[in-house]
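Architecture at a glance
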Amino acid sequence: MTYLKRVIGVIVFVIGLIAMLFAGSYLFIPKNNMKEFGMEESLANGILGEKEQTIDVLVLGDSESYSSISPMEMWKKNGYTAYVCGTSGQTLDYTLTLLQRTFEKQSPKIVILETNAIYREIISSSETITKLSNYFSIFRYHNRWKSLNWNDFKGNVKFTWTDECKGYRFNQTVDPVKATDYMKVTKEQIHIKEKNLNYVNEIKSLCDDNGAQLIFLSTPSTINWNYRRHNGIQALADAINCEYVDLNLVNHKIGIDWEKDTRDKGDHLNHFGAVKVTAYLSEYLAKKNILTDHRDDPEYARWENAWEKYQLLVT
């Protein structure tokens, strides 16, 4: 009888704890996806405010992604709707979270994963928090207790905000680097850690299940990329039947000038380099003949409005 009481006590405690976590998660989760509401990585999560089923191309990755690809340039050139869910230092556990969030209301035909994130180390403690946060958002937003207001107690979650640049981060700084042979051919490769491989496989499966084509993309970077990394990604792409595009091998076709197109000595591209990369990528995607030009569709008028605001920013 005593044993039974203990078991019942444990069960009641666990149920109570779970109930508290659900209640706390509802209270602490931002009721809108703007930064001032407490939303984490608001620029990347601006995709949550996009009209449902309107995003054709989703870009994921670390700062290389949001520095190299400008969705509004893609819109003007081909009428494709793209969004960059890039975050600084993004690791694949958070990449998966952003992908899962996107598939809840969007059905992109193409998902692009910038490959620098594939080599980025995943810290176990951060990974645990990310996993717990997917079930109980209080683990992600526990610091919001200082800014709670009445709307957090009675308001419903409604994401309405989106970034006019669609996740791209405009930067015209020029900090040149001398041209180097950073892509010197070799047969050596840098192997990818098993934990990272597991996440890539999960990302690939999620894309397959949702009818999206996953593409690995290495954007130009003299600091972050080399042929050994290229070989490692190519081996992975071959193993899981994934398309791989390494722009570092076609800098001459893109027209990258390392004297003008980098903001930090070859680590990231600046706006001038991003325009070139986006133009090349737009043409590459156009050849697939699976994306739709929405420029004459009144349902996408907000994108033309965003383009006008984007022009004011970049000119």
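Residues numbered from 1 in each chain as written. Predicted model: local features only at pLDDT ≥ 70, side-chain atom pairs only at ≥ 80, totals over all residues. Heavy atoms only, no water.

1. Remarks on empty space enclosed by the protein
- This structure, assessed with the given rule, holds two cavities of 30 Å³ or more.
- Approximately 40 Å³ is the volume found for the largest cavity.
- Considering the residues around the largest cavity, the lining is formed by Ile 47, Leu 48, Glu 50, Arg 101, Thr 102, Lys 105 and Gln 106.
- Of the residues contributing to the lining of the largest cavity, the split by class is two nonpolar, two polar and three charged. (1 Å grid on protein atoms, 1.4 Å probe; cavity = no way out; pocket = protein on both sides within 12 Å on 5 of 7 lines; lining within 4 Å. Points joined across faces, edges and corners; volume = space filled by probe spheres on them. Nonpolar A, V, L, I, M, F, W, Y, C, P; charged D, E, K, R; others polar.)

2. Brief notes about the packing of helix α4 (residues 92-103) against helix α8 (residues 194-209)
- Two numbers describe how α4 lies on α8: the axes approach to 9 Å, and their chain directions differ by 10°. Considered as vectors, α4 and α8 are oriented roughly parallel to each other. Of the residues in α8, those in contact with Leu 92, Asp 93, Thr 95, Leu 96, Leu 99, Gln 100 and Phe 103 of α4 are Asn 196, Tyr 199, Val 200, Glu 202, Ile 203, Leu 206 and Cys 207.
- Residue composition of the contact of α4 with α8, grouped by class: nine nonpolar, three polar and two charged. (Axes fitted to C-alpha atoms, helices over the stretch in contact; angles between N-to-C directions. Helix = DSSP H or I, 4+ residues; strand = E, 2+ residues; numbered from the N terminus. Parallel < 35°, antiparallel > 145°, perpendicular 65-115°, else oblique. Contact = heavy atoms within 4.5 Å.)

3. Concerning the pattern of salt bridges
- According to the stated counting rule, one finds 12 salt bridges in the structure shown.
- The closest approach of N and O atoms between Glu 50 and Lys 166, which form a salt bridge, is 2.8 Å. Here Lys 166 lies in the loop between α7 (150-154) and α8 and Glu 50 lies in the loop between α1 (2-28) and β1 (57-61), a separation of 116 residues in the sequence. Taken as a pair, Glu 50 and Lys 166 share a single burial class, namely buried.
- Among the ionic pairs, Glu 164 bridges to Lys 309, the shortest N-O distance being 3.4 Å. Taken together, the residues Glu 164 in the loop between α7 and α8 and Lys 309 in helix α12 (residues 301-314) connect sequence positions 145 residues apart. (Salt bridge = Lys/Arg side-chain N within 4 Å of Asp/Glu carboxyl O. Buried < 20%, exposed > 50% of the residue type's maximum accessible area, 1.4 Å probe, protein only.)

4. Some words on α4
- Taking 1.5 Å as the rise per residue, α4 with 12 residues should run 16 Å; its terminal C-alpha atoms sit 16 Å apart, in good agreement.
- Burial of α4 is extensive: 11 of the 12 residues sit out of reach of the surface.
- Here α4 has its buried residues at Leu 92, Asp 93, Tyr 94, Thr 95, Leu 96, Thr 97, Leu 98, Leu 99, Arg 101, Thr 102 and Phe 103. (Expected span 1.5 Å × (residues − 1).)

5. Comments concerning the side chain of Asp 246
- In this fold, Asp 246 is placed in strand β5 (residues 243-246).
- Despite its burial, Asp 246 pairs with no opposite charge, the nearest such side chain being Arg 229 at 10 Å.
- Polar contacts involving the side chain of Asp 246 include one to the side chain of Tyr 244, which spans 3.2 Å.
- Among all residues touching Asp 246, those that are not within four sequence positions of it are Met 183, Ser 218, Trp 225 and His 230. (Lys, Arg positive; Asp, Glu negative; His and termini not counted. Polar contact = N/O pair within 3.5 Å; in protein donor to acceptor, adjacent residues only side chain to side chain.)

6. Some remarks on the packing of aromatic side chains
- Using the criterion set out here, one finds four aromatic pairs in the structure.
- Taking 5.7 Å as the distance between ring centres and 35° as the angle between the ring planes, the aromatic pair formed by Trp 75 and Trp 303 counts as tilted. With Trp 75 in helix α3 (residues 71-78) and Trp 303 in helix α12, the pair connects residues that are 228 residues apart, well separated along the chain. Pair check on accessibility: Trp 75 and Trp 303 agree, each one buried.
- Centroid distance Tyr 182 to Trp 258: 6.2 Å. Interplanar angle 85°. Geometry classified as edge-to-face. Separated by 76 residues along the polypeptide, Tyr 182 in the loop between α7 and α8 and Trp 258 in the loop between α10 (251-254) and α11 (271-286) bring together distant segments of the chain. Across this residue pair, the class does not change: Tyr 182 and Trp 258 are buried. (Phe/Tyr/Trp six-rings, centres within 6.5 Å; stacked < 30°, edge-to-face > 60°.)

7. So, the confidence of the model for the chain
- Per-chain confidence: the chain averages 88 in pLDDT, with 78% of residues scoring 70 or above.
- Note on residues 21-25: pLDDT is under 50 here. Beyond four places in sequence and across chains, it has nine contacts. (pLDDT = per-residue confidence, 0-100.)

8. Considering the sheet that holds β5
- Read from one edge to the other, the open sheet built from five strands follows the order β2-β1-β3-β4-β5, with strand pairing classed as parallel. Pairing within the sheet leaves two strands with one partner each, and these edge strands are β2 (82-86) and β5. Neighbour to neighbour, the strand axes of the sheet diverge by 20° on average, direction disregarded.
- Relative to β5, strand β4 (residues 213-218) runs parallel, the two being bridged by four bridges. (Pairing = 2+ DSSP bridges.)

9. So, the nonpolar core
- Leu 92, Val 111, Ile 118, Phe 216 and Leu 285 are the most contacted members of the largest nonpolar core, which totals 75 residues.
- It is α4 that provides the largest number of residues to this core, a total of six residues.
- For Ile 118, the contacting residues outside a window of four places in its chain are Leu 92, Leu 113, Ile 192, Asn 196, Val 200, Phe 216, Ile 233 and Leu 236. (Core = buried A, V, L, I, M, F, W, Y, C linked by side-chain atoms within 4.5 Å.)

10. A closer look at the pairing of β4
- Counting buried positions along β4 gives five out of six residues, so the element sits mostly inside the fold.
- As paired strands, strand β3 (residues 110-114) and β4 are joined by five bridges and run parallel to one another. Bridge assignment links Ile 112 to a residue of β4, and that residue is Ile 215.
- Crossover handedness for the path β4 to helix α9 (residues 227-240) to β5: right-handed. (Right-handed = clockwise from strand over helix to strand, strands pointing away.)

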